[in-house]
Amino acid sequence: MTLNPTASIMVIGNEILSGRTQDVNINYIAKGLTCSGIELIETRIIPDDQKIIIKTVNELRAAYDYVFSTGGIGPTHDDITSEAIAEAFGVPNPIHPEISRLLEEHIGKEKYNDAHRKMARFPLGATPIPNPVSVAPGYVINNVYVMAGVPQIMRAMFDHILPTLHHGKPIVSKSWYAFHASEGKIAHDLAHIQDQFHNLDIGSYPFYKNEDQNGIALVVKGQDQDAVQRAAQQIHQLFIRMGYDPHEGEPI
C-alpha cells in the first residue's frame, strides 16, 4: 500500500467555537485532499488565542506533511494568526513591501491605513498565496498554508495551492445503502468483510430523514480499486442476505 502524504487542518476563530458561524471550509479542503491522494488525519478548531495557536501549529507541523490553517488574517484586532505563526517559527512578522503596494493600489492611497497594512504582514520567509477575490493574500511558510476564513476566498486560495502539493495515490470509494437497515443486524457480517480487507476503510453511516427514509449507508474507501470493488460487492450481497433492498451510491 502506497504511503500517501498526510495533512491536518487548523481552524482558527472564536466565532466557530461559539456557534455564530458554521464552518464549511473543512469539508471543501477534505474533498480536495481526498481526490489528490492526501490523507487528512486531524482537524482542530481553536480560539483566537496566541498561545494556543502557537502550540497547535507547532504540534501539527511536526506531525504531518501539510498543515492548512483558515481564519484570523484580516485587519481587525482579533486577527492574530500571522503574529502567532511568526512566533511559532521564531521569525519576525514584517510588512511585505510588494503586498502592501498591491493592497494600497486596490484600496486606494487615501483610504489605505494601518489596519489594511496589517494584512501585508507576513512571517519572514513566507511566500504569498494569491487572492483573486479581495487581493489580500494568504501565505505558506515551510509546510504550513495560511488562508482566509471567508469561504469564497479560502476556496480560491486552496484551489491555487492544491496543484502545487505532492499528490499520492487517489482514494477511491464505493457506497451501498438500504432503507430500514439495522446496524445491529449487519454488524457481525460487516466486521467479517473488514477482516478480509485490512487495507480498506469500511464505514457504516446511519441516516434518518423521516420514518420512511431511514437506514444505513455502507462506504468502502481505499487506494486499491479492485479491492474496493470486491468489498463493495460483498456489502451488496450482505444487504440482500439480510433481506434489504440495496441501492448504489449515497441516500438522497
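Remember, it's a predicted structure, so these values are computed and weren't measured experimentally. (Residues numbered from 1 in each chain as written. Predicted model: local features only at pLDDT ≥ 70, side-chain atom pairs only at ≥ 80, totals over all residues. Heavy atoms only, no water.)

### As for the pairing of strand E7 (residues 172-179)
Okay, step 1: In terms of strand pairing, E7 meets strand E9 (residues 214-222) through 8 bridges, oriented antiparallel. Note on E9: the bridge partner recorded for Ser175 is Val219.
Okay, step 2: As paired elements, E7 and strand E10 (residues 247-248) share 2 bridges and run antiparallel to each other. Opposite Tyr177, over in E10, you have His247 as the bridge partner. (Pairing = 2+ DSSP bridges. Helix = DSSP H or I, 4+ residues; strand = E, 2+ residues; numbered from the N terminus.)

### A look at helix H4 (residues 81-89)
Okay, step 1: Burial runs high along H4: 7 of the 9 residues are buried.
Okay, step 2: Among the residues of H4, Thr81, Ser82, Ala84, Ile85, Ala86, Ala88 and Phe89 are the ones counted as buried.
Okay, step 3: Phi for Gly90, located one or two positions after H4, is positive at around 70 degrees. (Buried < 20%, exposed > 50% of the residue type's maximum accessible area, 1.4 Å probe, protein only.)

### Quick notes on the layout of surface pockets
Picture a little ball the size of a water molecule; that probe, rolled over the atoms, points out where space is still empty.
Okay, step 1: Approximately 690 Å³ is the volume found for the largest pocket.
Okay, step 2: Taken together, 25 residues form the lining of the largest pocket, with Ala30, Thr34, Ile171, Asp201 and Lys221 sitting closest to its centre.
Okay, step 3: Going through the elements one at a time, helix H2 (25-35), strand E2 (39-46), E7, strand E8 (201-208) and E9 are the ones with two or more residues in the lining of the largest pocket.
Okay, step 4: Among the residues forming the lining of the largest pocket, the class breakdown is 11 nonpolar, 9 polar and 5 charged. (1 Å grid on protein atoms, 1.4 Å probe; cavity = no way out; pocket = protein on both sides within 12 Å on 5 of 7 lines; lining within 4 Å. Points joined across faces, edges and corners; volume = space filled by probe spheres on them. Nonpolar A, V, L, I, M, F, W, Y, C, P; charged D, E, K, R; others polar.)

### So, the pattern of salt bridges
Okay, step 1: Taken as a whole, this structure holds 10 salt bridges when the rule is applied.
Okay, step 2: Arg44 serves as the salt-bridge partner of Glu42, at 2.6 Å between the closest nitrogen and oxygen.
Okay, step 3: For Glu42, a relative accessible area of 24% gives the class partly exposed.
Okay, step 4: One salt bridge connects Glu105 with Arg101, and the closest N-O pair in it is separated by 2.5 Å. In this pair, Glu105 and Arg101 are both assigned in helix H5 (residues 97-107), 4 residues apart and thus about one turn of the helix distant.
Okay, step 5: The network of salt bridges with common partners includes Glu42, Arg44, Lys55 and Glu59. (Salt bridge = Lys/Arg side-chain N within 4 Å of Asp/Glu carboxyl O.)

### Describing the sheet that holds strand E3 (residues 66-70)
Okay, step 1: Strand order across the open sheet formed by 6 strands is E2-E1-E3-E6-E5-E4, with mixed pairing between neighbours. Pairing within the sheet leaves two strands with one partner each, and these edge strands are E2 and strand E4 (127-129). Averaged over all adjacent pairs, the angle separating strand axes in this sheet is 20 degrees, with direction ignored.
Okay, step 2: Helix-sheet contacts for helix H3 (residues 50-63) involve strand E1 (6-12), E2, E3 and strand E6 (144-147), and the interaxial angle to E1 is about 170 degrees. (Axes fitted to C-alpha atoms, helices over the stretch in contact; angles between N-to-C directions. Contact = heavy atoms within 4.5 Å.)

### Some thoughts on the pairing of E9
Okay, step 1: Counting buried positions over the 9 residues of E9 gives 8, a clear majority of the element.
Okay, step 2: Here E8 pairs with E9 via 8 bridges, running antiparallel. Note that in E9 the partner of Asp201 across the bridge is Lys221.
Okay, step 3: Between the end of E8 and the start of E9, which pair antiparallel, lie 5 residues.

### Topic: the packing of helix H8 (residues 183-196) against helix H9 (residues 225-241)
Okay, step 1: Interhelical geometry of H8 versus H9 gives an angle of 165 degrees and a closest axis separation of 11 Å. By the angle between their directions, the pair H8 and H9 is classed as roughly antiparallel. Every pair of crossing elements has a handedness; the one defined by H8 and H9 is right-handed. Along the contact surface, H8 presents Ile186, Asp189, Leu190, Ile193 and Gln196, while H9 presents Ala231, Gln234, Ile235, Leu238 and Arg241.
Okay, step 2: In terms of residue class, the contact of H8 with H9 is built from 6 nonpolar, 2 polar and 2 charged. (Parallel < 35°, antiparallel > 145°, perpendicular 65-115°, else oblique. Left-handed = near helix turned anticlockwise from the far one by under 90°.)

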